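Observations on the three-dimensional arrangement
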Amino acid sequence: MFLLTRGRESAYRENLLDIADIVPGQSFLDIGCGTGTLALAASRRVGPGGAVTGVDVSEKMVSLARRKTRRARADIPFHVAGASRLPFADSGFDAAAMTTVLHMIPDGERQSALAEARRVLRSGGRLVLVDYAGGLESRRHLSARHGPHGAFDLHACRETLRELGFRAISEGPLGWLDLHFMAAEKA
């Protein structure tokens, strides 16, 4: 990520947490947590009165995330599970994020993954999605035009979010890699 964000990874993560309105004392779920970098940043933001949890479909990623958080002396539980079957109770989180995950979820499972994210959020909870968006002709970065990245448009999730009962949907570019965000609140 360092090379892709030109050394701005920390600023990128903080920007995502700002979009999610993460403040001390909240509970945050990182769906598709990968190696746990966003979860660690969120842990610093929520402080000792808050809680962060990570989940990823890859056992290898969860293992790396656990190792990284142990080295950082952070207390973040990580779980192996797919985004469309989250192993958490209803309404347990103030905010959740799915960063560069949706393009990897098969078309037929995306709505289920978004519905699961909604299920685990409290009323008024905020979901932040980050992925590639717009037509291929508008994408400048090579990674945004090929493979699953090039076949995915985050804007296509807008109507699904509305159908699932999300409100206050906002969106925009993040300023690099042709990544965009979409943020919504559980009604």
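Residues numbered from 1 in each chain as written. Predicted model: local features only at pLDDT ≥ 70, side-chain atom pairs only at ≥ 80, totals over all residues. Heavy atoms only, no water.

Notes on the side chain of His103
Our working rule: Runs of E in the DSSP output that reach at least two residues are strands. Runs of H or I that reach at least four are helices, and both are numbered from the N terminus. Accessible area is worked out with a 1.4 Å probe on protein chains only. A residue is then buried under 20% of its type maximum, exposed over 50%, and partly exposed in between.
Along the chain, His103 turns up in the loop between strand 4 (93-99) and helix 4 (107-120). Among the residues examined, His103 registers a relative accessible area of 7% and is labelled buried.

Observations regarding a positive patch on the surface
Quick reminder of the rule: Think of a patch as exposed residues, more than 30% relative accessible area, with no salt bridge, where like charges cluster within 9 Å and nonpolar side chains (Val, Leu, Ile, Met, Phe, Trp, Tyr) cluster within 5 Å. In these tables, accessible area is a Shrake-Rupley quantity obtained with a 1.4 Å probe, and a residue counts as shielded only by the protein chains included in the view. For this document, the term salt bridge refers to a Lys or Arg side-chain nitrogen within 4 Å of an Asp or Glu carboxyl oxygen. Counted as positive: Lys and Arg. Counted as negative: Asp and Glu. His and the chain ends are not counted at all. Lys charges are placed at NZ, Arg charges at CZ, Asp charges at CG and Glu charges at CD.
Together, Arg66, Arg67, Arg70 and Arg71 make up a region of like positive charge exposed at the surface. By the secondary structure assignment, Arg67 is in helix 3 (residues 59-71).

Things to note about the nonpolar core
Inside soluble globular proteins, nonpolar side chains tend to come together where they are buried. This is how the line gets drawn: Nonpolar cores were defined as sets of buried Ala, Val, Leu, Ile, Met, Phe, Trp, Tyr and Cys residues, with membership established by side-chain atoms within 4.5 Å. Two residues form a contact once any of their heavy atoms are found within 4.5 Å.
In terms of nonpolar packing, the biggest core is built from 29 residues, with Phe28, Val130 and Leu174 touching the most fellow members. Here this core takes six residues from helix 2 (residues 37-46), the largest share from any one element. For Phe28, the residues in contact, after removing those within four places along its chain, are Leu17, Ile22, Leu38, Ala42, Ala51, Val52, Thr53, Phe93, Ala95, Ala96 and Ala97. Residues Ala113, Ala117, Leu129 and Leu154 belong to the second largest nonpolar core, which totals 28 residues.

Overview of the sheet that holds strand 1 (residues 27-31)
Rule in force here: A pair of strands is treated as paired once DSSP finds two or more bridges between them. For helices, the axis comes from a line fit to the C-alpha atoms of the stretch in contact; other axes are also lines fit to C-alpha atoms, and the angle between any two N-to-C directions lies between 0 and 180 degrees.
Spatial strand order, 3-2-1-4-5-7-6: seven strands in an open sheet with mixed pairing. Because the sheet does not close on itself, it has two edges, and the strands there are strand 3 (78-80) and strand 6 (166-173). Across this sheet, the average inter-strand angle for adjacent strands is 15°, counted without regard to direction. The sheet strands contacting helix 1 (residues 9-19) are strand 1, strand 4, strand 5 (121-132) and strand 7 (179-186), and the helix crosses strand 5 at an angle near 145°. Docked against the sheet, helix 2 engages strand 1, strand 2 (51-56), strand 3 and strand 4, running at close to 170° with respect to strand 2.

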